[in-house]
Each structure stands twice: as structure tokens, then as C-alpha cells.
Amino acid sequence: MYTPDMKFVDTHEWVRLEGTDEVSIGITNHAQELLGDLVYIELPTVGQSLKTGDTIGVVESVKAASDLYSPVTGEVTAINDTVVNDPTLANTEPHTAGWLFKVKLADVAELDSLLSADKYKALIG
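Residues numbered from 1 in each chain as written. Predicted model: local features only at pLDDT ≥ 70, side-chain atom pairs only at ≥ 80, totals over all residues. Heavy atoms only, no water.

Quick look at the sheet that holds strand S4 (residues 38-42) now. Taking strand neighbours across the sheet as the criterion, the 3 strands line up as S4-S6-S7 in an open arrangement whose pairing is antiparallel. Each edge of the open sheet is held by one strand with a lone partner, namely S4 and strand S7 (65-69). If you compare each strand with its neighbour and ignore which way they point, the axes differ by 20° on average. As paired elements, S4 and strand S6 (residues 55-61) share 4 bridges and run antiparallel to each other. Each residue of the ladder has a partner; that of Glu42, found in S6, is Val58. (Pairing = 2+ DSSP bridges. Helix = DSSP H or I, 4+ residues; strand = E, 2+ residues; numbered from the N terminus. Axes fitted to C-alpha atoms, helices over the stretch in contact; angles between N-to-C directions.)

Quick look at the structure:
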């Protein structure tokens, strides 16, 4: 589930490098389990500049709302409209079809500072 090609942050977002300088970003399986059935997702807009740690959106479930934080610095290149229209996709396939948005990285080396799959698993117990 948490594969070696993924990186993580302690706010429960995942990052996967797609090509040389673009990443896909989503919420982790652990996050969606804590939130429960998602009913609404607000994402950044294409072209928006992000900085690591910025609050960039919201995921809402029947239980709670949670801010989304940018795990990287860069520019949003794509939004997953399918998951916006059907937020439950982030519940059923959080690491694949339920990705949220893509970012062109300002600095690929920033990925080195993120948590590995093993470190993230240790974090969540």
C-alpha cells in the first residue's frame, strides 16, 4: 500500500515523482481511514504557486473537515476533476486513481527531505 516510490509528510499527504520534475499528490490511506467517507474536496487551481507547508485545500467527510497542506514547493499543473466530482474515489483508491493534484517542482531535491514509506509507517504505528 505504501510503496517505495512514494514519499510522505506527517500531515498525511503522499507524493510520487512522475517523470523528472512533476509529482502527483494525494492523501494517504491512513488519512482517509481517519476521516471516513469523503463528501467534498477543495483543491488548489492550475497555475497556482505553492510553498511547502501552505494550506492549499480542504477535504471534508461526514465526520470532519481537514486542511490539505502542500508537501512541496512548485506550481500546480493538473487537478484530478474525477475525484473532485466523486470524493469517495480518495477513499477507495487513495494512492492511485484518487490522486488530488500534480505539481511541477521548484527543486526536485526537496523530495529527499520527505518521509520514506518505512518512516511513514513507523509514524502512524
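This part is about the pairing of strand S2 (residues 13-18). Successive side chains on a regular strand alternate, one facing one side of the sheet and the next facing the other. Judged from the 3 bridges that link them, strand S1 (residues 6-8) and S2 form a sheet pairing that is antiparallel. Looking at S2, one finds that Phe8 is bridged to Trp14. Linkage of S1 to S2, two consecutive antiparallel strands, is achieved through a turn of 4 residues, within which His12 is found at a positive phi near 75°. In the sheet, S2 pairs with strand S3 (residues 22-27) via 6 bridges, with the strands oriented antiparallel. In the strand pairing of S3, Glu13 is matched with Ile27. The antiparallel hairpin formed by S2 and S3 contains 3 residues in its connecting segment, where Gly19 sits at a positive phi of about 90°.

A separate point is the nonpolar core. In this structure, Val23, Ile27, Ile41, Val72, Leu100, Phe101 and Val103 are the most contacted members of the largest nonpolar core, which totals 26 residues. Mapped by element, the contributors of at least two residues to this core are S3, helix H1 (29-35), S4, S6, strand S8 (74-79), helix H3 (89-92) and strand S9 (101-105). Setting aside chain neighbours within four positions, we find Leu100 in contact with Ile25, Gly26, Ile27, Ile41, Leu43, Leu68, Ile79, Asn80 and Val83. Core analysis: the next-biggest nonpolar cluster, separate from the first, contains 7 residues, Tyr2, Met6, Trp14 and Ala117 among them. (Core = buried A, V, L, I, M, F, W, Y, C linked by side-chain atoms within 4.5 Å. Buried < 20%, exposed > 50% of the residue type's maximum accessible area, 1.4 Å probe, protein only. Contact = heavy atoms within 4.5 Å.)

Another point: the packing of aromatic side chains. Tallied over the entire structure, the rule returns 3 aromatic pairs. Relative to Phe8, the ring of Tyr2 lies with its centre 5.4 Å away and its plane at 80°, an arrangement referred to as edge-to-face. Judged by centre distance (5.3 Å) and plane angle (70°), the rings of Tyr2 and Tyr120 are edge-to-face. A residue pair is termed long-range when its members are at least 10 positions apart, and Tyr2 in the segment before S1 and Tyr120 in helix H4 (residues 117-124) qualify at 118 residues. Put simply, the rings of Tyr2, Phe8 and Tyr120 pair up and form one aromatic cluster. Taking the ring centre of Trp99 as reference, the NZ or CZ of Lys102 above it sits at 5.0 Å. (Phe/Tyr/Trp six-rings, centres within 6.5 Å; stacked < 30°, edge-to-face > 60°. Lys NZ or Arg CZ within 6 Å of the ring centre and 35° of its normal.)

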